[in-house]
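Survey of secondary and tertiary structure
Below, each chain spelled out in residue letters.
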Amino acid sequence: MKHFTSLTLLCLIAGATFAQQPEGKPGKNTNPVSKSRILQVDSAVVTKHTVTIKGKAVPYTATAGSMPIWDDEGRPVAGIFYTYYERDDVSDRNSRPLVISFNGGPGTPSVWMEIGYTGPRRLNTDNEGYPVQPYGIEDNNNSILDVADIVYIDPVNTGYSRIVDKETPGSKFFGVNEDIKYLAEWINTFVTRKNRWASPKFLIGESYGTTRASGLALELQDSQWMYLNGVVLVSPTDLGIERNGPVQAALKLPYFAATAWYHGMLSPDIQQKELTAFLPEVENFTINELIPAMARGGFIDSAQRNDIAAKIARYSGISPKVILGNNLNVSYDLFWKELLRDKGFTIGRLDSRYRGIDRQAYGDSPDYNAELTAWLHEFTPAMQIYLRNDLNYKTDLKYNMFGNVWPWDNKNDHTGENLRQAIAENPYLHLLIQSGYFDGACDYFNAKYSLWQLDPSGRLKGRLKWEGYKSGHMMYLRKEDLATATENLRKFIQESIPKAGTPAKY
């Protein structure tokens, strides 16, 4: 990557101080609170770079900084850290798409997609996404910066974002609807300051970030009067869509089947099949046989119960005895512990390709999340290196990979319905869902189910799309899937922008 002159941008808006936070220096301590550990809520550092994407050089400007959240009297109560990437050789910024990106948790920053998926620089990994040393960053030749500018947003208490007014309670930020409300206000400020109101706009969220994106689609339209062209949900949550009882119990089986297939735990006749050729068989069984059988509970005929248990065993790699002992409903935790128990391993939750080792083979859940441990292992040093060395953002603040956002108010989560309403209101708005087959936290078949329930009328489905990848929650960590998924993002962005002069109407 070519690195040009580093510039310090002094933002003089809303009482801003210095753009870059000073590093701690030895000497007499005249202030008990180090300035190097105080967030400058309205400040930024600007640097110039070039990255090669799809064989072509893309010059760009990177801005790392913070912008405030204000109270009703205009006082800053929190600072939101962001990184913003603008392609430089663009003649018409008004037609240039803007992608607004965040991750989830809730309680984690946008580090995962910024240096794992769509940004111009990417952390070092092996081809499957596992940690390698030395830690560091390399050019992301698959970045979507060639077709869209990108801003990555860290919600309050994640990354460097912080509450700065001690009188402001965390409850103002930490909840499904509170989170959506203040971030919509912040996005309005950002778009206004950066003069991007004319640009086609897209939201992309991952994990809990999909709850956030779904709610924001309607909040931006109805409260900020900002209309989007697209929403991308990467490894979506349930979006507040009800799926209790037999439906909730049954929907996880296709994920079990995909994971068991990956680990070679199924019968030879299944293992010889391609994954995507095999899964429709499991999906059909789940919808047409398993849900009806489970709906009958303990009153199902014993012969049918045994037959259903045998089929679940065939598809999941779990013994019929365990399945029957759990009333046909094997929990996620037990599955992660049981599948490779005889081999001495557990499997990961967010990405079940990963294996872990527990203190003992007995028990009904793993000791730790093997995949998350691996990701923190590689992302944490890479992001520290990137912010300080590439983006020249230097501070003694702790970068929160997981910040304290608890208690989190999960009540009144209607984000799936919010998204449906936003799509109905806005004929320009399109939806793309991307899932990893081996994700056990936000599994792919539940994502499909959410997609089906988003449009009960069937009249919007021409603008709704789902894609599956042979990876886990962060499907982009597998380099083969990174190339495919980013190319699909490019197509989605380009296809979601109407031709000039096309009216938004039904």
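Residues numbered from 1 in each chain as written. Predicted model: local features only at pLDDT ≥ 70, side-chain atom pairs only at ≥ 80, totals over all residues. Heavy atoms only, no water.

Of the regular secondary structure elements, the chain holds 14 helices and 15 strands. Over its C-alpha trace the chain gives a radius of gyration of 24 Å, about what one expects of a compact globule, namely 23 Å for 506 residues. Along the longest, intermediate and shortest principal axes, the C-alpha atoms of the chain span 75 × 60 × 50 Å. Counting all 506 residues of the chain, 57% fall into the buried class. Sequence-distant contacts, at least 24 apart, represent 72% of the contacts inside the chain between residues at least 6 apart. Accessible surface for the chain amounts to roughly 21400 Å². Of this, 51% is attributable to carbon and sulfur atoms. (Helix = DSSP H or I, 4+ residues; strand = E, 2+ residues; numbered from the N terminus. Rg over C-alpha atoms; globule rule 2.2 N^0.38 Å. Buried < 20%, exposed > 50% of the residue type's maximum accessible area, 1.4 Å probe, protein only. Contact = heavy atoms within 4.5 Å. Areas by Shrake-Rupley, 256 points an atom, 1.4 Å probe, with all protein chains shown as cover.)

Residues Phe-278 and Leu-431 are the most contacted members of the largest nonpolar core, which totals 95 residues. Formed by 57 residues, the second largest nonpolar core is a distinct cluster that contains Phe-202, Ile-204, Val-232 and Met-401. (Core = buried A, V, L, I, M, F, W, Y, C linked by side-chain atoms within 4.5 Å.)

To continue, consider the side chain of Asp-481. Note that Asp-481 resides in helix α14 (residues 479-495). A relative accessible area of 6% means that Asp-481 is categorised as buried. Not counting residues up to four positions away in its chain, the partners in contact with Asp-481 are Tyr-469, Lys-470, Ser-471 and Met-475.

Moving on, we come to unusual backbone geometry. Note that the residue after Gly-105, namely Pro-106, is joined by a cis bond; omega there is -10 degrees. Among the structural elements, Pro-106 can be located in the loop between β5 (98-102) and α1 (111-118). In this structure, the amide linkage connecting Gln-133 to the following residue, Pro-134, adopts the cis form with an omega of 5 degrees. Residue position: Pro-134 is located in the loop between β6 (121-123) and β7 (137-139). Even without being glycine, Asn-412 reaches a positive phi, approximately 60 degrees. Mapped onto the secondary structure, Asn-412 falls in the loop between α11 (370-390) and α12 (415-425).

Turning our eyes to something else, we now look at the environment of Leu-340. Among the structural elements, Leu-340 can be located in the loop between α10 (332-338) and β12 (346-347). We classify Leu-340 as buried; its relative accessible area is 1%. Sequence separation of Leu-340 and Arg-355 is 15 residues, and the distance between their C-alpha atoms is 8.9 Å. Each residue touching Leu-340, except ones within four places of it in the same chain, is listed here: His-263, Met-265, Phe-345, Ile-347 and Arg-355.

A separate point is the environment of Arg-305. Tracing the chain through its elements places Arg-305 in helix α8 (residues 302-316). Non-local contacts of Arg-305, meaning those with residues more than four positions away in its chain, are made with Gly-297, Gly-298, Ile-300, Leu-324, Asn-327 and Leu-328.

Before going further, it helps to examine the pairing of strand β11 (residues 230-234). Counting buried positions over the 5 residues of β11 gives 5, a clear majority of the element. Of the two faces of β11, the one holding Gly-230, Val-232 and Val-234 and the one holding Val-231 and Leu-233 are both buried throughout. Direction of pairing for strand β10 (residues 201-206) relative to β11: parallel, over a ladder of 5 bridges. Considered in β11, the bridge of Leu-203 is made with Val-231. Read as a crossover between parallel neighbours, the route from β10 over helix α3 (residues 208-223) to β11 is right-handed. For β11 and strand β14 (residues 430-436), the ladder comprises 5 bridges, and the chain directions are parallel. Its bridge partner lying in β14, Leu-233 is registered against Ile-433. (Pairing = 2+ DSSP bridges. Right-handed = clockwise from strand over helix to strand, strands pointing away.)

Take helix α13 (residues 444-454) next. Counting buried residues along α13, 9 of its 11 residues qualify, which places the element largely inside the surrounding structure. Of the positions making up α13, those classed as buried are Tyr-444, Phe-445, Asn-446, Ala-447, Lys-448, Tyr-449, Ser-450, Leu-451 and Leu-454. N-cap assignment for α13: the residue whose side-chain oxygen lies 3.2 Å from the backbone N of Phe-445 is Asp-443. (Polar contact = N/O pair within 3.5 Å; in protein donor to acceptor, adjacent residues only side chain to side chain.)

On to the pattern of salt bridges, then. Tallied over the full model, the rule gives 32 salt bridges. Between Asp-139 and Arg-121 there is a salt bridge whose closest N-O contact spans 3.0 Å. Taken together, the positions of Asp-139 in strand β7 and Arg-121 in strand β6 put the pair 18 residues apart, joining distant regions of the chain. A residue is classified by how much of its surface remains accessible, and Arg-121, at 10% relative accessible area, is buried. Here Glu-283 makes a salt bridge to Lys-448, at a shortest N to O gap of 3.3 Å. Here Glu-283 is found in helix α7 (residues 275-295), whereas its partner Lys-448 is found in helix α13, with 165 residues between them in sequence. Bridged by salt links that share partners, the residues Glu-128, Asp-351, Arg-353, Arg-478, Glu-480 and Asp-481 form one connected network. (Salt bridge = Lys/Arg side-chain N within 4 Å of Asp/Glu carboxyl O.)

A few words now on the side chain of Thr-168. Its location among the elements puts Thr-168 in the loop between β9 (162-163) and α2 (176-193). The exposure class assigned to Thr-168 is buried, which follows from its relative accessible area of 13%. For Thr-168, the side chain forms a polar contact with the side chain of Asp-165, separated by 2.8 Å. In this view, Thr-168 contacts Val-77, Ile-163 and Phe-173; residues no more than four positions away in its chain are not counted.

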